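As a plain string of letters, each chain reads:
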Amino acid sequence: MMEYLHSLNPRQREAVEYGDGPLLILAGAGSGKTRVISCRIAHLIQARGVAPERILGVTFTNKAAGQMKERVAGLLGGNTESGPLLSTFHSFCVRVLRRHIERLGYTKAFAIYDEDDQLRAVKACLEDLGLSDGPVTPRAALSRISYAKNRGLSPESLYSQAVDGAGEKIATIFERYEQKLRQANALDFDDLLIKTVALFDQAPEVAQSYNHRIEYLLVDEYQDTNRLQNRLIRLLTELHRNLCVVGDEDQSIYSWRGAEVENILRFEKDFPGTRIIRLEQNYRSTQAILDAASAVVSRNLARLGKQLRAVRDAGRRIGLYEGWDAEEEAAFVAGEIKGALARDSTSSAAVLYRTNAQSRAFEEALRREAIDYRLVGGFSFYARAEIRDVLSYARLAGNLSDSVALFRILNVPPRGLGDVTAKAVAARARGRGQCAWQAIAEMIAGDSGGLSTRALHGLTRFSHLVNSLARERELLTPREFIRHILEASGYLEMLRAERSPEADERLENLRELVNAAAEAEDRGESLAEFLDHAALVSDADGYDERARVTLMTLHSAKGLEFDLVFLAGLEEGVFPHRLSRDDPAGLEEERRLCYVGMTRARDRLTMTWVRHRRAFAQEGAEEGRPSRFLSEVPAELVEPLSALAQPAKARTVWAGAVNSVDGLERALTARRKSGSSRSFSSGQSATRLDGNPRWRRGVRVRHAKYGIGTILQCEGAGEDTKLTVSFPGYGEKKLMEKYATLEKI
DNA sequence: TTTAATGGGTTTTTT
DNA sequence: ACCCATTAAA
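## Considerations on the overall build of chain A
Moving on, step 1. Along its length, chain A carries 31 helices and 22 strands.
Moving on, step 2. Relative to its full complement of 745 residues, chain A shows a buried share of 52%.
Moving on, step 3. Taking all contacts inside chain A whose residues are at least 6 apart in sequence as the whole, residues at least 24 apart take part in 74%.
Moving on, step 4. With an accessible surface of roughly 33,800 Å², chain A has 49% of that area assigned to carbon and sulfur atoms.

Following this line, the structure appears as structure tokens:
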């Protein structure tokens, strides 16, 4: 019983055993924060006899919630049946709202709009208002709207704050957007928080019942909470005031989404009598990694400042690699990972980058080296068009006023309801203040408003389909229902008829969706719960701990750790990102992001940058400069990994052979073996003597017809060498060396 | 109405 | 490079 206490250091133990009242745990990177929260929960249950259902733990991602569930269950001896409620802010809110939202004039079948739905809604608003061709893009409008909503601003207050016509326009769009969602019986992500807070404000007895129920509230990553979340937390803890929050102001990286570090800085004032515990012992990283990361983040002014102490020894210095372009960078990283996995197949590696667009080169390089990897984020399963289409049918069947879902599938599969009809439906709905479904119903009933018989026929078919789906929804299990949609809508038929590889892939994805529904069903979930889950899974939740190699953005990496970490693309404009460059606060956030990335590494950290990165695939951009963050790492902690001193001209001759570390090693080994003291300039023949071909993977070549390409594969030797070369614009070409005139560049 | 072709604008990070 | 909206052709 309670052996876990002995594995904790004194500070951690204090945090676990601390009694009632507000508790703030300032946990530096790698200080065992997840462990402390899990132990605290287990301790509350086991040592202090708190009923599990009276504990609520809140995290930001489903993944984090899941991890915590596992750990707590482990501590409690594998009992997962009646654990405490561990959930994300958003899932918690959905739970509450599904029960009580009628108080706010919505129905319990409300839809959840994710970013794609939101964007469609905003687009529709722009159309309603006749602003479609104006200067305001839907994306820009949405980002302003979300910003306002996160800060609790209403359309009216936005309007009164507007300093120019553009600001007033945004406010008008905002107002329309709110109407639209209300009419669709839909909530966006921000609304989930807003409406829960509103519910607690307007229905004190509901707030009270949750206050009674939740005796202990624990919040992870408190530095990333926004105003609404903070408000919610306060509303939930008014009665017991047993609030434990864990956070690290140096890891606050979501202020662009409304997170306010002030929440953590102000915590003591908000909750008088707070006990503060600092965890500054780092168990994760080597001293070198920690020193480097601390040196970087210490340049920030807006921080409380803390001193992390490493438990581990110095370790290797930070690797610094300079490459020619993104392909070379990726080839280098893939090579390093290959080497590391060859030495120890159990080690874990991550490639972290600032923007999702950077993942491509790494994917290609890893595939070339036949290294298994897991890509987190980017394009998630539930974001695929076919998945969204089918889920839209399911959504609409349960909530007929969900007009975004309706327009999404109105003509998918094609049923003769094109743009013209869609516009007519939208116009009618707009004119009468109805939702699209009502408008369609009236048009079918006779008030066709000058539609073609063809369109009317299509609308009738559509209406019958949705009506029958709405009935089936009540009768079928989730799995059956999804299957039924696929058949009844004609979606399967449409894809089968297409007979293309893409269509096959989509069919495969839909099969996967049916599986997911079946799994949910086996877990005892209803269709509504399955849909909620689908709406709230995030990209970061795709992270698989068993994967040896993971590719993801720095943001998704928060909270994770790896033996090897590669921080890629450390160039001015990329990281720090150009859009944050002129804003001191934005710059500090970028620096914190760098800190987060660096501190993910346990044993080895390598930072890379390249001189020639294509923005928007445009060639001939000016040379990139190394990120300022690189120069903020003390020189004595850095181990250069490339022939940095080589001028670009010399590099050209040597492309591929000496550019990368393994190329350099190869060349050196070759020299040693042959006992020759040949200079580098005759290295080409030196490598040939060693049986090392002139053409290697990754070498860039020029072809008379196809232009510049990169060698993907070499087969055979000498004159008979067969090369697979990838040429941008022409794809992969197989060439014989003796026929193709290839020039090494 | 649908499909294929063309041209212009655009990407930070995500619950 | 990619996504999109518009345009021309079927």
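## Considerations on the pattern of salt bridges
Moving on, step 1. Taken as a whole, this structure holds 56 salt bridges when the rule is applied.
Moving on, step 2. Measuring nitrogen to oxygen at the nearest pair gives 2.7 Å for the salt bridge that ties R312 to D603. Taken together, the residues span a long stretch of sequence, with R312 in the loop between strand 10 (309–310) and strand 11 (318–325) and D603 in strand 16 (residues 601–612) at a distance of 291 residues.
Moving on, step 3. Using a relative accessible area of 32% as the deciding quantity, one classes D603 as partly exposed.
Moving on, step 4. Note that E571 and R613 form a salt bridge whose closest N and O atoms lie 2.7 Å from each other. Residue E571 is located in the loop between strand 15 (562–567) and helix 27 (584–598), and its partner R613 is located in the loop between strand 16 and helix 28 (628–631); the two are separated by 42 residues in the primary sequence. Grouping residues by exposure puts E571 and R613 together as buried.

## Considerations on the sheet that holds strand 1 (residues 23–27)
Moving on, step 1. Reading across the sheet, the 6 strands line up as 3-2-6-7-1-8 and stay open at both edges, with parallel pairing between neighbours. Looking at which strands have only one partner, the edges of the open sheet turn out to be strand 3 (85–88) and strand 8 (275–279). Averaged over all neighbouring strand pairs, the angle between strand axes comes to 15°, with direction disregarded.
Moving on, step 2. Sheet topology places strand 2 (residues 55–59) next to strand 3; 4 bridges connect them, and they run parallel.

## Let's talk about the nonpolar core
Moving on, step 1. Counting residues in each nonpolar core, the largest one holds 48 residues, and the members touching the most others are L391, F462, L513 and F530.
Moving on, step 2. Per element, the largest residue contribution to this core is 8 residues, and it comes from helix 24 (residues 501–522).
Moving on, step 3. Other than its neighbours up to four places away in sequence, L513 contacts F381, Y382, I387, V390, L391, I482 and F530.
Moving on, step 4. Grouped together as the second largest cluster of nonpolar side chains are 44 residues, L85, A198, A203 and L536 included.

## Here's the deal with the packing of helix 23 (residues 491–498) against helix 24
Moving on, step 1. At their nearest, the axes of helix 23 and helix 24 sit 8 Å apart, and the two run at 150° to each other. Considered as vectors, helix 23 and helix 24 are oriented roughly antiparallel to each other. Helix 23 and helix 24 meet at a crossing whose hand is left-handed. Contacts from Y491, L492, L495, R496 and E498 of helix 23 reach helix 24 at A503, R506, L507 and L510.

## A word on the sheet that holds strand 14 (residues 549–553)
Two modes of strand pairing occur in sheets, parallel and antiparallel, and in both the strands are linked by backbone hydrogen bonds.
Moving on, step 1. Spatial strand order, 13-14-12-15-16-11-17: 7 strands in an open sheet with parallel pairing. The sheet terminates laterally at strand 13 (374–375) and strand 17 (638–640), the two strands that pair on one side only.
Moving on, step 2. In the sheet, strand 11 pairs with strand 17 via 3 bridges, with the strands oriented parallel. Looking at the pairing, L320 lines up with P640 of strand 17.
Moving on, step 3. Running over the sheet, helix 16 (residues 359–368) touches strand 12 (349–353), strand 13 and strand 14 and is turned about 170° from strand 14.

Cut-offs and rules
The residue count restarts for each chain, going from 1 along the sequence in the order it is written. Written order decides the labels, with chains lettered from A and ligands numbered from 1. Restriction of local features to residues with pLDDT of at least 70 applies here, the model being predicted, together with a cutoff of 80 or more for giving and counting side-chain atom pairs; totals for whole chains, interfaces and linings are based on all residues. Working from all heavy atoms in the structure, the side-chain values ignore hydrogens and water. Put simply, DSSP H or I for four residues or longer makes a helix, DSSP E for two residues or longer makes a strand, and each gets a number counted from the N terminus. Per-residue accessibility, obtained with a 1.4 Å probe over protein chains only, is compared with the maximum for each type, and a residue is labelled buried under 20%, exposed over 50%, and partly exposed between these values. For this analysis, residues touch if any pair of their heavy atoms sits within 4.5 Å. Here, Shrake-Rupley sampling with a 1.4 Å probe gives the accessible areas, and only protein chains in the shown set may cover a residue. Salt bridges are identified by distance alone: a Lys or Arg side-chain nitrogen within 4 Å of an Asp or Glu carboxyl oxygen. By this definition, two strands are paired if DSSP reports at least two bridges between them. Helix axes are fitted only over the stretch in contact, all axes being lines through C-alpha atoms; the angle between N-to-C directions runs from 0 to 180 degrees. As used here, the term nonpolar core means buried Ala, Val, Leu, Ile, Met, Phe, Trp, Tyr and Cys residues forming a set that is joined through side-chain atoms within 4.5 Å. What sets the label is the angle itself: under 35 degrees gives roughly parallel, over 145 gives roughly antiparallel, 65 to 115 gives roughly perpendicular, and the rest give oblique. In a left-handed crossing the near helix is turned counterclockwise from the far helix by less than a right angle, and in a right-handed crossing that turn is clockwise.

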